[in-house]
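This is what each chain is made of:
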Amino acid sequence: MLQRWQHWNRKARLWLWIITLIGVIAALPLGINRMTMESTSKQVEYVFDYRDLVEIAEIQARPKAFLEEQLKNMKYVGITTMSLYESSLRELQQAGRLTYYSSKDAALLQSQLEPVGQNFTYILFTGEREEAEIGPLLREAFDRAGAVYRPWSFGGRNGMVIERPVQDSVLKPISFDPITMDTLRDAGFHILARFTDRVLPYDEEEVDKQLAKLKSYGVTRILFDGDKVKGFTDQQESRSINSFASLLNKYGMGVATIENLKKPQQGINKLAFITNYNVVRLYSLSPDDAMGMTPEAIADRFLLAAKDRNIRMFFLNSSAQSSLEKSAVVNSLDNLYITMKGEEGVVQKLADAGFPSSIAEPFKVEHPSYAKPLKAVVAAGAVALIALLINTFLPGLLIPVFLLGLVGSAGLYVLKGPLMEQSLALGAGIAAPTLALVWVMNRIYSRTEGNQRYVGGPDWPLRFSGRQGTGADGVTTASHSNGLKWIFEGLTVGRRFGLAIVWFIVTALMSLMAVPFVFGLLNNITYSLVLEQFRGVSLLHLAPIGLTAIYVLLYTGEAPIRRLRKLLSTPITVLMVVAGVAIAAAGLYYLSRTGNAGTTLPFEKPFRAFLETTFGVRPRNKEFLLAHPLFLAGLFLALRYRAAWVLIIVASIGQLSMVDTFAHIHTPLYISIIRVFLGLGLGAIFGIILIGVWQLLEGAWRKWSPAWKNKISES
């Protein structure tokens, strides 16, 4: 019975590899569909924060003239869009639409005594147009707030008194300033409207009026100000997000999402879904970066964002700062103008790279009929691959593990589809490189186990204090001090090099089997827009290394139980403790460099810029400078010095890094493909150089070490 079960288990192993390969093939059309989607939106939009410009103008000697001049400058350097917020009393005063006073200030203005027991807000409009266009907006806003107000005038200017303190009145959100919208439209700017969720309760009729007005000014996209989308607060009571999304669809408007927020804006996923993912990703350049970064650095950052992260809107901020060195108040506008204009400026640089300046458009998402059936096949392939990994460590359980995986995946898909997709993608991402590393370790073990024999005497440990030498045929002889002679029937240098190259290629291809499962399972637009994120990156970076080390320690040679007993009975030395601490520190540093927020060394940023300029796509440093060369050299050395498997374990981070590259779904697929194979090619070149250097050093050691030893013994 046991033999029959083992027979079926071996048969199942072959079939599961076939299912895995079918899953890989089934994922390819899904990858092609994604690449087609990623090519549908190339225009980039440059947005400036109009509020920042008004605040800078406010501290100038002639604010209105300064504002007009800067709008012309911005149009000239290629800024296409102005970001406009819902207004407030403070912003309307900065824009010159009105002036507001407290009761005390209003009394001083009229040369009167301050009224006792009163703390109201007094408003005067700056002109007839302001009264006609801004007055109704104020009355609507304070009607919503339930405030009492009445007309007021002074010095030939009309206004109103609001029976609320100034501190309260300035917090009330007011609709978009129509005079500013006229000014921006006449200056040739597109408008990006910024909504908040501070107007409570949500009023569908009022929002409909706002969007209709914005549509008349050509607004096509909105950006949310704050940590939640419009309507989020009232969603449970009135389904206000659904209402707002329906109004956006009615007026053909989409939304923008801000990259690298500590926490996504609440409600953005639901809003994106209802608007059929009419979403564009936006990168915001902070005021400090706009002031402190060089134009070249900003241009490189923008180019990388457009190419590698699907950013299609660039939001420029600025601010005024006091400079003791210049004894003046300075701003970053001039630096931004230099950054944007010229042959090396942002606009031209991105246009040359295939990202022309225009109004940003969302990706066009196609849902072909074959997508769901193929995704089911891909999921089955991922389950098969994971089952093969488990069978490596728990042999004999392949069939039940595979069947349980299929049933569990189906159940998880019904309960929570995205969790099933991410779990299988993560499992496949761990399984493929681990199986590849186990395969190459078995090849090394089979080539080195039994290739040594001794002449005379009892069996002896492989430790020699006597002389040893290697001939050109790869045969190494070693004589122990007690006279026993060993013969190591090794491989020639050429044979070792050839095997190392072949195994390097095969291991990489086996590791890359995980890639189709990643992009095949995570093919939803939500991942490209980073509305949904692939979880478990840290596990992906650690698990294959740990599993491979466990396999080498427990599953090569003796039975795993016997190996484990030996390890557990091994005395712990100070050296082991020091090594463990060093490995833990290296692991923490390794993890700190993973992800978009990974730490970098000071010299890395200019080196990365050099690689980007040289190759167009930047390969990962840890792959082509460290992992791949070390892996190739480790394979070559391990065929003679089996202890060199330690180098292969360390260098396995390159195999994981290749898979992790494709886990960044917001990076275009073709960029990831180029990055990985460029890293492999450069890594192989550096690895060959490393092998050559080793051979030279080894040859020099063989030639000169006997003379050195004689000199030492004579002295």
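Scroll up for the structure.
Residues numbered from 1 in each chain as written. Predicted model: local features only at pLDDT ≥ 70, side-chain atom pairs only at ≥ 80, totals over all residues. Heavy atoms only, no water.

A. Broad picture of unusual backbone geometry. Despite not being glycine, S111 shows a phi value in the positive range, around 55 degrees. With respect to the secondary-structure elements, S111 resides in the loop between α5 (103-109) and β4 (121-125). We note that N276 has phi near 60 degrees; this positive angle belongs to a residue other than glycine. Judged by relative accessible area, which is 60%, N276 ranks as exposed. (Helix = DSSP H or I, 4+ residues; strand = E, 2+ residues; numbered from the N terminus. Buried < 20%, exposed > 50% of the residue type's maximum accessible area, 1.4 Å probe, protein only.)

B. The arrangement of empty space enclosed by the protein in detail. Per the stated rule, a full pass over the model turns up two cavities of 30 Å³ or more. When its volume is computed, the largest cavity comes out at roughly 170 Å³. Elements with a contribution of two residues or more to the lining of the largest cavity: α2 (50-58), β2 (81-85) and α4 (89-94). A breakdown of the residues in the lining of the largest cavity according to their chemical character gives six nonpolar, three polar and three charged. Put simply, the second largest cavity is a space of about 80 Å³. (1 Å grid on protein atoms, 1.4 Å probe; cavity = no way out; pocket = protein on both sides within 12 Å on 5 of 7 lines; lining within 4 Å. Points joined across faces, edges and corners; volume = space filled by probe spheres on them. Nonpolar A, V, L, I, M, F, W, Y, C, P; charged D, E, K, R; others polar.)

C. Examining the side chain of Q70 more closely. Tracing the sequence through the fold places Q70 in helix α3 (residues 63-77). Excluding residues within four positions of it along the chain, Q70 makes contact with L53, L333 and Y337. (Contact = heavy atoms within 4.5 Å.)

D. Representation of helix α20 (residues 493-511) within the structure. The terminal C-alpha atoms of α20, which comprises 19 residues, lie 27 Å apart, in line with the 27 Å expected from a rise of 1.5 Å per residue. Listed as buried for α20 are R496, L499, A500, W503, F504, T507, A508, M510 and S511. Along the long axis of α20, the arc covered by the buried residues comes to 160 degrees, so they all point the same way. Facing away from the buried side of α20 by more than 90 degrees, the exposed set consists of G494 and L509. (Expected span 1.5 Å × (residues − 1). Arc of directions from axis to C-beta.)

E. Focus on the nonpolar core. L385, F631 and L635 are the most contacted members of the largest nonpolar core, which totals 82 residues. Apart from residues no more than four positions distant in its own chain, L385 is found in contact with W17, T20, A428, A431, A432, L435, M513 and F517. If you look at the next biggest cluster of nonpolar residues, it comprises 71 residues, including Y217, L271, M293 and I298. (Core = buried A, V, L, I, M, F, W, Y, C linked by side-chain atoms within 4.5 Å.)

F. Main features of the sheet that holds β4. Here four strands make up an open sheet; going across it, the order is β3-β4-β6-β5 and the pairing antiparallel. The sheet terminates laterally at β3 (98-102) and β5 (149-154), the two strands that pair on one side only. For this sheet, the mean angle separating the axes of adjacent strands, direction not counted, is 25 degrees. Along the sheet, helix α6 (residues 128-144) makes contact with β3, β4, β5 and β6 (157-162), crossing β4 at roughly 155 degrees. (Pairing = 2+ DSSP bridges. Axes fitted to C-alpha atoms, helices over the stretch in contact; angles between N-to-C directions.)

G. Expanded view of the sheet that holds β2. Taken in spatial order, the seven strands line up as β1-β2-β7-β8-β9-β10-β11 and close into a barrel, and their pairing is parallel. Shown here is a sheet whose adjacent strand axes are inclined to one another by a mean of 35 degrees, direction ignored. Helix-sheet contacts for helix α14 (residues 295-308) involve β10 (279-285) and β11 (311-316), and the interaxial angle to β11 is about 150 degrees.

H. Spotlight on a negative patch on the surface. A cluster of acidic side chains, namely E296, E343, E344 and D352, defines a negative patch on the protein surface. Assignment of secondary structure puts E343 in the loop between α15 (333-340) and α16 (346-352). (Patch = residues over 30% accessible without salt bridge, like charges linked within 9 Å, V, L, I, M, F, W, Y side chains within 5 Å. Areas by Shrake-Rupley, 256 points an atom, 1.4 Å probe, with all protein chains shown as cover. Salt bridge = Lys/Arg side-chain N within 4 Å of Asp/Glu carboxyl O. Lys, Arg positive; Asp, Glu negative; His and termini not counted. Charge placed at Lys NZ, Arg CZ, Asp CG, Glu CD.)

I. Layout of the side chain of T196. By the element assignment, T196 lies in the loop between β7 (190-195) and α9 (204-216). Relative accessible area serves as the criterion here: at 4%, T196 is assigned to the buried category. Within the structure, the side chain of T196 is placed 3.4 Å from the backbone nitrogen of R198, a separation counted as a polar contact. Ignoring sequence-local partners within four residues, the contact set of T196 consists of E86, D225 and K230. (Polar contact = N/O pair within 3.5 Å; in protein donor to acceptor, adjacent residues only side chain to side chain.)

J. Quick peek at a nonpolar patch on the surface. Judged by side-chain polarity, L625, L626, I685, F686, I689, V693 and L697 come together as a nonpolar surface patch covering roughly 630 Å² of accessible area. Sorting the residues of the nonpolar patch by element identifies α27 (621-638) and α30 (669-714) as the ones contributing at least two each. Looking at the nonpolar patch, the element that brings in the most residues is α30, giving five residues. Here L697 shows up in helix α30.

K. Broad picture of the pairing of strand β8 (residues 221-224). Here β8 shows no split at all, with R221 and L223 on one side and I222 and F224 on the other all buried. Bridge analysis of β7 against β8 gives three bridges, and the strand direction is parallel. Paired with F195 across the bridge in β8 is F224. After leaving β7, the chain enters α9 and then returns to the sheet as β8, a path that is right-handed. Direction of pairing for β8 relative to strand β9 (residues 254-258): parallel, over a ladder of three bridges. Pairing of R221 across the sheet is with G254, part of β9. (Right-handed = clockwise from strand over helix to strand, strands pointing away.)

L. Layout of α15. Within α15, six of the eight residues are buried, leaving the element largely enclosed by the surrounding structure. A positive phi of about 100 degrees marks G342, the residue just after α15.

M. Here's a closer look at the environment of A387. With respect to the helices and strands, the residue A387 is situated in helix α17 (residues 371-393). Look at A387 and you get buried, because its relative accessible area is 1%.

N. Summary view of the packing of helix α19 (residues 417-448) against α27. Where α19 contacts α27, the two axes come as close as 10 Å, and the packing angle between them is 25 degrees. When the interaxial angle is binned, α19 and α27 end up roughly parallel. Here L437, V440, I444 and T448 of α19 lie close against α27, whose contacting residues are F631, L635 and A638. Tallied by class, the residues present in the contact of α19 with α27 amount to six nonpolar, one polar and no charged. (Parallel < 35°, antiparallel > 145°, perpendicular 65-115°, else oblique.)

O. View of the packing of aromatic side chains. The tally for this structure, following the rule as stated, stands at 12 aromatic pairs. Between F273 and Y277, the aromatic rings sit 6.3 Å apart at their centres with planes inclined by 75 degrees, giving edge-to-face as the arrangement. On the basis of relative accessibility, which here comes to 57%, the residue F273 falls in the exposed class. These aromatic residues form a ring-pair network of at least three members: Y46, Y283, F302 and F314. (Phe/Tyr/Trp six-rings, centres within 6.5 Å; stacked < 30°, edge-to-face > 60°.)

P. Spatial organisation of the pattern of salt bridges. According to the stated counting rule, one finds 23 salt bridges in the structure shown. The partner of R129 in a salt bridge is E133, with the nearest N and O atoms 2.9 Å apart. Of this pair, R129 and E133 both sit in helix α6, separated by four residues, roughly a single helical turn. Judged by its relative accessible area of 26%, E133 falls in the partly exposed class. Between K375 and E421 there is a salt bridge, with the nearest N and O atoms lying 2.8 Å from each other. Here E421 lies in helix α19 and K375 lies in helix α17, a separation of 46 residues in the sequence. Both residues of the pair, K375 and E421, count as buried. The structure contains a network of salt bridges with shared partners spanning R129, E133, D182 and R185.

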